[in-house]
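Survey of secondary and tertiary structure
Here is how the chains run, residue by residue.
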Amino acid sequence: AQSVAQPEDQVNVAEGNPLTVKCTYSVSGNPYLFWYVQYPNRGLQFLLKYITGDNLVKGSYGFEAEFNKSQTSFHLKKPSALVSDSALYFCAVRDMRSGNTGKLIFGQGTTLQVKP
Amino acid sequence: SQTIHQWPATLVQPVGSPLSLECTVEGTSNPNLYWYRQAAGRGLQLLFYSVGIGQISSEVPQNLSASRPQDRQFILSSKKLLLSDSGFYLCAWRGPGQGNTGELFFGEGSRLTVL
């Protein structure tokens with residue numbers, strides 16, 4: 001079965017420190033992976049995606065993610081966290097069984113708390 | 001540029017009443033459209049998706065239905081709401097011809113509380 005796992009419900013980090021939000025996936029074939037951020041009572045905002053090519057993908061707001069095929073992981077990272085990065089983060093994988101419908105399978109989300 | 005609108009933003013409805021949530025996309029043609037539900041502020045569940053006018057696919061059996069009367073309009077409905085229908089409903093779109101690599105773009109959501 002295809003799935004995405006975000007093993008941490010919450011990640012706490014001090015402002016200025018590096019942050020990592022973990023994501024692992026299970027799909028058949030090559031994965032298409034995405035990260036989104038959600039602020040309270042708002043919709044999801046797209047951060048970045050991995051389709052093919054370089055394993056390190058750079059996205060919006062200084063975020064990046066590292067694709068690791070052997071570990072089936074796609075961890076989100078940022079070198080220096082800001083208080084304003086505090087939000088709910090979702091990892092997602094394209095549902096490859098659904099043809100060209102574009103459906104995404106989402107993880108359960110990880111709350112990032114950045115403290116001053 | 002493309003934009004997506006959802007309304008109403010907030011809705012409080014009694015059990016047994018009907019529901020209509022609307023989503024429209026501007027600045028694109030023939031988008032793929034999706035309705036997701038987010039319960040308890042966490043995971044997202046895909047409810048319906050549509051690849052064209054009048055074409056609706058349901059992902060889970062439930063008390064809700066969806067319709068796409070126009071190319072860029074996607075409506076989520078219910079004839080009689082249940083308490084379990086409470087949640088945050090998110091509409092999303094993806095541009096045509098993007099294959100499986102295109103990301104989804106989400107609206108700001110509609111928060112439904114059923115009392």
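1. What about the sheet that holds strand S8 (residues 73–78) of chain B?
Residue and element names in this part refer to chain B. Strand order in the open sheet formed by 4 strands is S1-S3-S8-S7, and the pairing between neighbours is antiparallel. In the strand order of this sheet, the two ends are held by strand S1 (3–7) and strand S7 (65–70), each with one partner. Neighbour-to-neighbour, the strand axes of this sheet turn through a mean angle of 20°, independent of strand direction. Note that S1 and strand S3 (residues 19–26) share 5 bridges and pair antiparallel. By the bridge assignment for S3, Thr3 is matched with Glu26.

2. Quick notes on the state of the cysteines
Working definition of a disulfide: a covalent bond connecting the sulfur atoms of two cysteines. With the rule as written, the count across this model stands at 2 disulfides over all chains. The residue that forms a disulfide with Cys23(A) is Cys91(A), at a sulfur-sulfur distance of 2.0 Å. In this structure the cystine formed by Cys23(A) and Cys91(A) twists about its S-S bond by roughly -65°; its chirality is therefore left-handed. Here the residue Cys23(A) occupies a position in the loop between strand S3 (19–21) and strand S4 (24–26), and Cys91(A) occupies one in strand S10 (residues 87–94), the gap between them amounting to 68 residues. We classify Cys91(A) as buried; its relative accessible area is 0%. A sulfur-sulfur separation of 2.0 Å characterises the disulfide bridge that pairs Cys23(B) with Cys91(B). A torsion of -75° about the S-S bond marks the disulfide between Cys23(B) and Cys91(B) as left-handed. Pair noted here: Cys23(B) is in strand S3 and Cys91(B) is in strand S9 (residues 87–94), with a separation of 68 residues, a long-range link.

3. Some points on the pattern of salt bridges
Taken as a whole, this structure holds 10 salt bridges over all chains when the rule is applied. One salt bridge in this structure joins Lys103(A) and Glu59(B), with 3.1 Å as the shortest N-O distance. Here the residue Lys103(A) occupies a position in the loop between S10 and strand S11 (104–106), and Glu59(B) occupies one in the loop between strand S6 (55–58) and S7, the pair thus bridging two chains. In this structure Glu59(B) comes out as partly exposed when scored by relative accessible area, which is 32%. Within the structure, one salt-bridge network assembled from shared partners comprises Asp95(A), Arg97(A), Lys103(A) and Glu59(B).

4. Some thoughts on the pairing of S7(B)
All names here are of chain B. Direction of pairing for S7 relative to S8: antiparallel, over a ladder of 4 bridges. Paired with Ser67 across the strands is Ile75, a residue of S8. Turn length for the S7-S8 hairpin, with the two strands adjacent in sequence and antiparallel, is 2 residues.

5. Structural notes on unusual backbone geometry
In this structure, the amide linkage connecting Trp7(B) to the following residue, Pro8(B), adopts the cis form with an omega of 0°. Mapped onto the secondary structure, Pro8(B) falls in the loop between S1 and strand S2 (10–13). In this model, Asn41(A) sits at a positive phi of 60°, which is unusual for a non-glycine residue. One non-glycine residue, Tyr61(A), lies in the positive phi region at around 60°. Looking at where Tyr61(A) falls in the secondary structure, it is placed in the loop between strand S7 (56–58) and strand S8 (64–68).

6. Overview of the layout of surface pockets
The rolling of a water-molecule-sized probe over the atoms marks out the regions of remaining empty space. Put simply, the largest pocket is a space of about 180 Å³. Considering the residues around the largest pocket, the lining is formed by Gly43(A), Leu44(A), Gln45(A), Phe46(A), Leu104(B), Phe105(B), Phe106(B), Gly107(B) and Glu108(B). For the lining of the largest pocket, the secondary-structure elements that each account for two or more residues are strand S6 (44–50) of chain A together with strand S10 (105–106) of chain B. At 3 residues, the largest contribution of residues to the lining of the largest pocket is made by S6(A). In terms of residue class, the lining of the largest pocket is built from 5 nonpolar, 3 polar and 1 charged.

7. Examining the environment of Leu46(B)
As for its position among the elements, Leu46(B) is in strand S5 (residues 44–52). Classification of Leu46(B) by relative accessible area gives buried; the value is 9%. The spacing of Leu46(B) and Phe88(B) is 42 residues in sequence and 12 Å in space, taken between C-alpha atoms. Non-local contacts of Leu46(B), meaning those with residues more than four positions away in its chain, are made with Lys103(A), Tyr34(B), Trp35(B), Tyr36(B), Glu59(B) and Val60(B).

Parameters and conventions
Residues numbered from 1 in each chain as written. Chains lettered and ligands numbered in written order. Predicted model: local features only at pLDDT ≥ 70, side-chain atom pairs only at ≥ 80, totals over all residues. Heavy atoms only, no water. Pairing = 2+ DSSP bridges. Helix = DSSP H or I, 4+ residues; strand = E, 2+ residues; numbered from the N terminus. Axes fitted to C-alpha atoms, helices over the stretch in contact; angles between N-to-C directions. Disulfide = S-S within 2.5 Å. Buried < 20%, exposed > 50% of the residue type's maximum accessible area, 1.4 Å probe, protein only. Salt bridge = Lys/Arg side-chain N within 4 Å of Asp/Glu carboxyl O. 1 Å grid on protein atoms, 1.4 Å probe; cavity = no way out; pocket = protein on both sides within 12 Å on 5 of 7 lines; lining within 4 Å. Points joined across faces, edges and corners; volume = space filled by probe spheres on them. Nonpolar A, V, L, I, M, F, W, Y, C, P; charged D, E, K, R; others polar. Contact = heavy atoms within 4.5 Å.

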